[in-house]
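# Coordinate analysis (summary)
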Amino acid sequence: MTANNKLVIFDTTLRDGEQSPGASMTKSEKLRIAKVLEKMKVDVIEAGFAIASVGDFESVKAIAETIRESTICSLSRALDKDIDRAAEALRGAESARIHTFIATSPIHMKYKLQMTPDSVLEQAVHAVKRARKYTDDVEFSCEDAGRSELDFLCRIIEAAIDAGARTINIPDTVGYAIPRQFGETIKSLLERVPNADKAIFSVHCHNDLGLAVANSLEAVQNGARQIECTINGLGERAGNASLEEVVMAVHTRQDLFNVSTRIDTTQIVPASRLVSTVTGFPVQPNKAIVGANAFAHESGIHQDGILKKRETYEIMRAQDVGWHNNSLILGKHSGRNAFKSRLEELGISLESEGALNDAFLRFKDLADKKHEIFDEDLQALVTDTVSMALNDEFQLVCMRVCSETGVAPCSTVTLRVGKKEVSANSEGSGPVDATYKAIEKIALSGVSLQLYSVNAITSGTDSQGEVTVRLEKDGRIVNGMGADTDIVIASARAYINGLNLMSADNSRQHPQSSV
Ligand code: KIV
Ligand code: ZN
C-alpha cells in the first residue's frame, strides 16, 4: 500500500467526544478507552487538551506513557503556554503529535479572536514552529474552515506547511458543510496550495445537519487521507463523524474507495459498549453498525432470504464488527488469576492491587448471584468498582427497601460520609424514588436529576442492571453509574457516584474559548 491510499484514522473520543455535555470521563476511564482504541489499531488517539485542567493533563500524560502502538496527540490552541503544556504531557509517548489550531473564518476572526487575518496567519506560523521544537509530528487545524474563505485557507495552509505542519486539518466546526461542496473545498485546497504534497490533508466534521460521515467520505473521495472521528459519533453538540460508520463504509465499499485503514474492525462493538457505559450515553437500537438492531432481521421475507444466502440482506458480517463475541467466560469457581488475566485480555488493568482485590470481591459476589458471567458483566463491574473507589465523600454502607402492593414503597439508606455513618429513610412513588429521597436527606446536595436510565447488561432475569443518572447543579452536569443484579442497589450506586463526581473539582477550560 502506498502512503497515498492509506487512510489515517484519528480518534478524538477522549477530547472532542468528552466535550459532549455530561460525557466527562475520569483518568482511569480514559485509559481503558485508549487501550481499546490501541487494540483496534487506531492510528492517532487525541487523548485530551492538556492545558484545559490538571485532570486533562494527567490523562494525556498517563495515556502517553502507556500506549505504544498508536500515536498520542494533545490539542493546543495556537498559544505558547498551550503548546508547552501539550509537549510536557506527551513527553513519555512512543510517538507524539501536537495538534494546534486557530480560527480562520471571518466571523470567528472578527468576533471571537478580534484579530486580523494577517495576525491569525502570523500566530499560526509561530505556533507550528514552536510545536516543531518538540516533535516532527505537528498537525495544524483551521477552526471553522467550513465557513472560511478559500483564498485565506490557501494562504494560511501554505504558511503552516512551510512552518513544519505535517497534517493539515479542515474542520467543519459547526457542521455547516454539504457533501459535494465540502469535497470540492478539499479538492481545491489540494490543487491550489503549492506545497500540499508535503502534508496529509485531514477532515474533522461535526454532525449538526446529520452529514458528518457523508462529508468525511466525500472528502476522502477528493483526496483527504485522515478522518477525525469518535466512537458512537460522540462529540460537541450533535457530535462528530462516527468512527464505526466511516471505517465500515470504507471497508465495505472498496469498489469506490481506493483507500484502506489498519483498523481491526472486530474491536468496534466492544469499544462502542465501553464508551456508552463510561459516558452513560446509550446507543440507539437502530444506530448503524453498533445499534442492537443493526443486524436484526424482523420481516419474514428478510429472514427467509438470510437463511438462503446471507448476502441477500446483509452487506457486512456481524462478527466482523465484533458482535456475538459474547462468550461465557468466568464462573463461581474462577480464581483471582483467571479473573485478572481476563481483565487484561479486555484491556483493563486496575491501578492498584487494592482495586484488583475490590473488583475480585465484587466478582465473587456477582458469581454467587449469577451463574454465567460475560465480558459485559466484567466491564460493568470494573466501571462500578473504579468509580466507587474514587468516592471520598459518600459511600453506600447498606440499604433496605420495602416494596409491596397497596403500600407506599420505602427505603432506608446508610451512607458513610467522611468518617461517620449516617442513616435516613423515606417513602417514595417507587423504590428508586424512595431511595433517592433518603440519600438526599443525608447528602442535601441540591442537584437536579436530569436523566435516569437502566439497561440490562446481558440477557436473562439474573442480568446485572446498569443504571446511569445525569445530575445537574449550577450548570455543571455529571453522569453517575452503578451496576448490580439488584436494580435498586444499582440505582443507589449510580446516584452516589454522581454526587461524588459533582463534589470533585474538575473544572476545565474549553478549547474553543478565545486565545
Ligand atoms: O471542531 C473543531 O473545529 C475542533 C478543532 C479544535 C479541531 O474540534
Ligand atoms: Zn470538533
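Residues numbered from 1 in each chain as written. Chains lettered and ligands numbered in written order. Predicted model: local features only at pLDDT ≥ 70, side-chain atom pairs only at ≥ 80, totals over all residues. Heavy atoms only, no water.

### As for the overall build of the protein
Heads up, the condition is: In this text, helices come from DSSP runs of H or I with a minimum length of four residues, and strands from runs of E with a minimum of two, each type numbered from the N-terminal end. C-alpha atoms define the radius of gyration, and 2.2 Å times the number of residues to the power 0.38 defines the globule rule. Only protein chains enter the accessibility calculation, which uses a 1.4 Å probe; a residue is then buried when its area is under 20% of its type maximum, exposed when over 50%, and partly exposed in between. The contact criterion used throughout is that any non-hydrogen atoms of two residues lie within 4.5 Å. What sets the accessible areas is the Shrake-Rupley method with a 1.4 Å probe; for residues, cover comes only from the shown protein chains.
Each helix and strand in the protein was counted, giving 16 helices and 14 strands. Here the C-alpha radius of gyration of the protein, 24 Å, is about what a compact globule of 515 residues would show, namely 24 Å. Considering only C-alpha atoms, the protein reaches an extent of 75 × 60 × 45 Å along its principal axes. When each of the 515 residues of the protein is scored for burial, the buried share is 57%. The contacts of the protein with a sequence gap of at least 6 include a subset with a gap of at least 24, amounting to 68%. When the accessible surface of the protein is summed, it comes to about 22,100 Å², and 50% of that surface belongs to carbon and sulfur atoms.

### As for the site of ligand 1
Counted only if it meets this: It suffices for a single heavy atom of a residue to lie within 4 Å of a molecule or strand for the residue to be listed as near it. Polar contact is defined as a pair of N or O atoms within 3.5 Å, subject to the rule that within protein one atom must be able to donate a hydrogen and the other to accept it, and that residues adjacent in sequence are counted only when both atoms are side-chain atoms.
Neighbouring residues of ligand 1: Arg15, Asp16, His99, Phe101, Ser141, Glu143, Asn169, Pro171, Thr173, His204, His206 and Gln512. Here Thr173 contributes a side-chain N or O atom positioned 2.6 Å from an oxygen atom of ligand 1. Here an oxygen atom of ligand 1 and a side-chain polar atom of His206 are 3.0 Å apart. Protein contacts shield 99% of the accessible area of ligand 1, which totals 260 Å² for the unbound molecule.

### Points about the pairing of strand S2 (residues 44-48)
The cut-off we apply is this: At least two bridges found by DSSP between two strands is the condition for calling them paired. Looking down the strands as they point away from you, a crossover is right-handed if its path from the first strand over the helix to the second goes clockwise.
Along S2, five of the five residues are buried, which leaves the element largely enclosed by surrounding structure. As judged from the two bridges shared by strand S1 (residues 8-11) and S2, these two strands associate in the parallel manner. In the strand pairing of S2, Asp11 is matched with Ile45. Crossover handedness for the path S1 to helix H1 (residues 27-39) to S2: right-handed. Pairing of S2 with strand S3 (residues 71-77) involves four bridges; the strand directions are parallel. When the sheet's bridge partners are listed, Glu46 is paired in S3 with Cys73.

### Overview of the sheet that holds strand S10 (residues 407-417)
Paired through their backbone hydrogen bonds, the strands of a sheet run either parallel or antiparallel. Defined as follows: Axes, fitted as lines to C-alpha atoms, cover a helix only where it is in contact. Angles between the N-to-C directions of the axes lie from 0 to 180 degrees.
Spatially, three strands are ordered S9-S10-S11 in an open sheet, and the strand pairing comes out antiparallel. Two strands in the sheet have a free side with no partner beyond their single neighbour: strand S9 (394-404) and strand S11 (420-427). Neighbouring strand axes in the sheet, compared pairwise and without regard to direction, differ in orientation by 10 degrees on average. Bridge analysis of S10 against S11 gives eight bridges, and the strand direction is antiparallel. Bridge assignment links Thr414 to a residue of S11, and that residue is Ser423. Across the sheet, helix H15 (residues 431-443) lies against S9, S10 and S11, angled at about 40 degrees from S10, the strand it touches most.

### Let's talk about the pattern of salt bridges
To be explicit about the condition: Salt-bridge detection follows one rule: a side-chain nitrogen of Lys or Arg within 4 Å of a carboxyl oxygen of Asp or Glu.
All chains considered together, the criterion is met by 32 salt bridges. A single network of salt bridges, built from pairs that share partners, joins Asp365, Lys369, Asp484 and Arg493.

### Brief notes about a nonpolar patch on the surface
Keep this limit in mind: Only residues whose relative accessible area exceeds 30% and that take part in no salt bridge are eligible for patches, with like-charged residues grouped when within 9 Å of each other and nonpolar side chains (Val, Leu, Ile, Met, Phe, Trp, Tyr) grouped when within 5 Å.
Together, Leu449, Tyr452, Val454 and Ile487 make up a nonpolar patch on the protein surface, roughly 310 Å² of accessible area in all. Per-element tally for the nonpolar patch: the top contributor is strand S12 (residues 448-456), with three residues. Within the secondary structure layout, Tyr452 lies in strand S12.

### Here's the deal with the sheet that holds strand S5 (residues 138-143)
The eight strands are arranged S1-S2-S3-S4-S5-S6-S7-S8 in a closed barrel whose pairing can be described as parallel. Averaged over all pairs of adjacent strands, the angle between strand axes in this sheet comes to 25 degrees, irrespective of strand direction. Along the sheet, helix H2 (residues 54-66) makes contact with S2 and S3, crossing S2 at roughly 150 degrees.

### Some points on the packing of H2 against helix H3 (residues 80-89)
Here is the rule: Any angle that falls under 35 degrees is termed roughly parallel, while one over 145 is termed roughly antiparallel, one within 65 to 115 roughly perpendicular, and all others oblique.
Relative orientation of the contacting elements H2 and H3 amounts to 40 degrees, with a least axis distance of 8 Å. With respect to H3, the axis of H2 lies oblique. Only Arg85, Glu88 and Ala89 of H3 make contact with H2, whose side of the interface consists of Phe57, Val60, Lys61 and Ala64.

### Considering helix H13 (residues 353-369)
Stated precisely, the cut-off is as follows: Here, expected helix span is obtained from the residue count minus one, scaled by 1.5 Å. What the arc describes is the spread of directions from the helix axis to the C-beta atoms.
With 17 residues, H13 should reach 24 Å at 1.5 Å per residue; the first-to-last C-alpha distance of 25 Å fits that figure. Residues Ala355, Leu356, Ala359, Phe360, Arg362, Phe363, Leu366 and Ala367 constitute the buried set of H13. Take H13 and look down its axis: the buried residues cluster within an arc of 165 degrees, on one side only. Exposed residues lying more than 90 degrees from the buried face of H13 are Leu361 and Asp368.

### Details of the domain arrangement of the protein
Convention followed: Residue ranges assigned to each domain were obtained from an automatic or database domain assignment. Put simply, buried area is the surface a 1.4 Å probe can reach on two separate parts but cannot reach once they are joined, added for both. Under this grouping Gly is polar, as are all residues other than the nonpolar Ala, Val, Leu, Ile, Met, Phe, Trp, Tyr, Cys and Pro and the charged Asp, Glu, Lys and Arg.
According to the domain assignment, the protein consists of domain 1 (8-279), domain 2 (294-324), domain 3 (327-386) and domain 4 (391-503). With eight residues of domain 1 at the contact, the number on the domain 4 side is five residues. Summed over both sides, the interface of domain 1 with domain 4 buries roughly 500 Å², with 50% coming from carbon and sulfur. When residues of domain 1 are sorted by the area they lose upon contact with domain 4, Gly22, Thr277 and Thr279 head the list and together hold 63% of the total. The interface formed by domain 1 and domain 4 contains zero salt bridges. Put simply, domain 1 and domain 4 have one residue pair in polar contact (both at pLDDT 80 or more) between them. By residue number, the principal contributor to the side of domain 1 that touches domain 4 is helix H10 (residues 268-279), which donates three residues. Considering only residue class, the side of domain 1 that touches domain 4 consists of three nonpolar, four polar and one charged.

### Observations regarding the nonpolar core
The condition is simple: Residues enter a nonpolar core if they are buried and are Ala, Val, Leu, Ile, Met, Phe, Trp, Tyr or Cys, with the set joined through side-chain atoms within 4.5 Å.
Membership of the largest hydrophobic core comes to 102 residues, with the highest contact counts inside it found for Phe140, Ile156, Ile157, Ile168, Ile170 and Val203. Structurally, this core is a two-domain feature, drawing no fewer than three residues from each of domain 1 (8-279) and domain 2 (294-324). For Ile157, the contacting residues outside a window of four places in its chain are Cys142, Ile168, Ile170, Leu189, Val193 and Phe201.

### Observations concerning the packing of helix H12 (residues 336-345) against H13
Put simply, H12 and H13 touch, their axes get as near as 11 Å, and they point 110 degrees apart. When the interaxial angle is binned, H12 and H13 end up roughly perpendicular. On H13, the residues touching Arg336, Phe339, Lys340 and Leu343 of H12 are Glu353, Leu356, Asn357, Ala359, Phe360 and Phe363. Of the residues contributing to the contact of H12 with H13, the split by class is six nonpolar, one polar and three charged.

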